[in-house]
Amino acid sequence: MVIKEEILHSVGASIKHYRTSEFIFQEGDLPNYYYQIIKGDVKLNNYNEDGKEFIQNILSEGQSCGESLLFIEKPYPMNAEVLKPCTIFKLHKDTFFQLLNSSSKLCLKISNFLAQRLYYKFIMMQNISNQNPAVRLTGLMDYLKSFQNDERLYSFMIPLTRQQMASLTGLCVETTIRIIKVMERNKVVRIKNRKILY
DNA sequence: TCATTAAAGTTAT
DNA sequence: ATAACTTTAATGA
């Protein structure tokens, strides 16, 4: 959790509900609010000229989205699209900055969260610049699995569709499926009713 | 080798 | 029902 719910309540953050595939904000919009997810999943993405999607990130409960843009006077370079129905705290940026001014502890919290997002970007950029699609996919899976303590083989169920994995790694779905099949043959993953165990 | 296209089956809304 | 996802196969860069 980035900012405690009590604090957000106390400064008058509103609570908004979003349905699946709704946009919280879109590329080009000017950032005016701090958003923190209470429940649900959000993806940050871009669509290229041919309509192909690239997912920058998937965020869930307790995380904030698009907060980095509040610190610079620039429009959003990505969309925030709802994956699973969301309940979200919405706080005007002025109040958000007042809050930061009042608490160095909160500043650290935000810095920590930003650093985590940056870390993910580093890892994924490293992966994606690798030409080998198997490396890209294992890189993604390693990152996701790193948040659970159980390191045993097949102990982690990838919470993504193959479509999403493809969009996160810049591969096409078919390639993703093919590579995952090879991994299954090589005992790198197991597949249990279409879910990938890693 | 991987992306793209097409086609068909499966699952989710 | 209809859209979204999964899978296989053929073809081309």
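Owing to the predicted nature of the structure, the values given are computational and were not obtained by experimental measurement.

**Description of the pattern of salt bridges**
So, step 1. Taken as a whole, this structure holds four salt bridges when the rule is applied.
So, step 2. A salt bridge links Glu22 to Arg19; its shortest N-O distance comes to 3.7 Å.
So, step 3. The class for Glu22 is partly exposed, based on a relative accessible area of 26%.
So, step 4. With a closest N to O distance of 2.6 Å, Asp150 and Arg152 form a salt bridge.

**A look at the packing of aromatic side chains**
So, step 1. Tallied over the entire structure, the rule returns ten aromatic pairs.
So, step 2. A centroid spacing of 4.7 Å and a plane angle of 10° characterise the contact between Tyr34 and Phe96, whose relative ring orientation is stacked. Linking Tyr34 in strand S3 (residues 33-47) with Phe96 in helix H2 (residues 93-102), this pair joins segments that are 62 residues apart in sequence. With respect to class, Tyr34 is no different from Phe96; both count as buried.
So, step 3. Ring geometry for Tyr143 and Phe147: centres 5.1 Å apart, planes at 80°, overall edge-to-face.
So, step 4. Feature note: the residues Phe25, Tyr33, Tyr35 and Tyr76 constitute an aromatic cluster, connected by ring pairs.

**Examining the packing of H2 against helix H3 (residues 104-128)**
So, step 1. One can describe the packing of H2 onto H3 by two numbers: an axis separation of 5 Å at closest approach and a directional angle of 115°. Contact residues: Phe96, Leu99, Leu100 and Ser102 in H2; Ser104, Leu106, Cys107 and Ile110 in H3.
So, step 2. Grouping the amino acids of the contact of H2 with H3 by side-chain chemistry returns six nonpolar, two polar and no charged.

**Some thoughts on the environment of Phe71**
So, step 1. Tracing the sequence through the fold places Phe71 in the loop between strand S5 (64-65) and strand S6 (79-92).
So, step 2. Phe71 gets classed as partly exposed once you look at its relative accessible area, which sits at 40%.
So, step 3. For the pair formed by Phe71 and Val189, sequence separation is 118 residues and the distance between their alpha carbons is 41 Å.

**Quick notes on the packing of helix H4 (residues 133-145) against helix H5 (residues 162-169)**
So, step 1. At a closest axis distance of 10 Å, the pairing of H4 and H5 adopts a crossing angle of 105°. On the basis of the axis angle, H4 is roughly perpendicular to H5. Contacts between H4 and H5 involve Arg136, Leu137, Leu140 and Met141 from the first element and Met165, Leu168 and Thr169 from the second.
So, step 2. Within the contact of H4 with H5, the residues separate by chemical class into five nonpolar, one polar and one charged.

**Here we look at the protein's contact with DNA strand B**
So, step 1. The local shell around DNA strand B consists of Pro133, Leu171, Cys172, Glu174, Thr175, Arg178 and Arg194.
So, step 2. Each atom of DNA strand B within 4 Å of the protein was assigned to sugar, phosphate or base; sugar and phosphate come to 61%.
So, step 3. With respect to DNA strand B, the side chain of Glu174 contributes an N or O atom lying 3.0 Å from a base oxygen.
So, step 4. Here a phosphate oxygen of DNA strand B and a side-chain polar atom of Thr175 are 2.2 Å apart.

**Side note on the nonpolar core**
So, step 1. If you look at the biggest cluster of nonpolar residues, it comprises 19 residues, and the most contacted ones within it are Met141, Ile158 and Met165.
So, step 2. Sorting the residues of this core by element identifies H3, H4, H5 and helix H6 (173-185) as the ones contributing at least two each.
So, step 3. Both domains that furnish three or more residues to this core are identified here as domain 1 (5-128) and domain 2 (133-197).
So, step 4. Residues contacting Met165, with those up to four places away along its chain left out, are Leu137, Leu140, Met141, Ile158, Leu160, Thr176, Ile180 and Ile196.

**Notes on the domain arrangement of chain A**
So, step 1. Looking at the assigned domains, one finds that chain A contains domain 1 (5-128) and domain 2 (133-197).
So, step 2. Just the C-alpha atoms count here: the centres of domain 1 and domain 2 sit 25 Å apart.
So, step 3. With 13 residues of domain 1 in contact, the opposing surface of domain 2 contributes twelve residues.
So, step 4. Here domain 1 packs against domain 2, burying approximately 1,100 Å² in sum over the two surfaces, 63% of which is carbon and sulfur.
So, step 5. It is Ile55, Tyr120 and Asn127 in domain 1 that bury the most area against domain 2; as a group they hold 37% of the surface buried on that side.
So, step 6. Scanning the region where domain 1 abuts domain 2 turns up one residue pair in polar contact (both at pLDDT 80 or more).
So, step 7. Those elements that provide at least two residues to the side of domain 1 that touches domain 2 are strand S4 (53-59) and H3.

The rules behind the values
- Residues numbered from 1 in each chain as written.
- Chains lettered and ligands numbered in written order.
- Predicted model: local features only at pLDDT ≥ 70, side-chain atom pairs only at ≥ 80, totals over all residues.
- Heavy atoms only, no water.
- Salt bridge = Lys/Arg side-chain N within 4 Å of Asp/Glu carboxyl O.
- Buried < 20%, exposed > 50% of the residue type's maximum accessible area, 1.4 Å probe, protein only.
- Phe/Tyr/Trp six-rings, centres within 6.5 Å; stacked < 30°, edge-to-face > 60°.
- Helix = DSSP H or I, 4+ residues; strand = E, 2+ residues; numbered from the N terminus.
- Axes fitted to C-alpha atoms, helices over the stretch in contact; angles between N-to-C directions.
- Contact = heavy atoms within 4.5 Å.
- Nonpolar A, V, L, I, M, F, W, Y, C, P; charged D, E, K, R; others polar.
- Parallel < 35°, antiparallel > 145°, perpendicular 65-115°, else oblique.
- Near = heavy atom within 4 Å.
- Polar contact = N/O pair within 3.5 Å; in protein donor to acceptor, adjacent residues only side chain to side chain.
- Core = buried A, V, L, I, M, F, W, Y, C linked by side-chain atoms within 4.5 Å.
- Domains from an automatic or database assignment.
- Buried area = accessible area lost by both parts, 1.4 Å probe.

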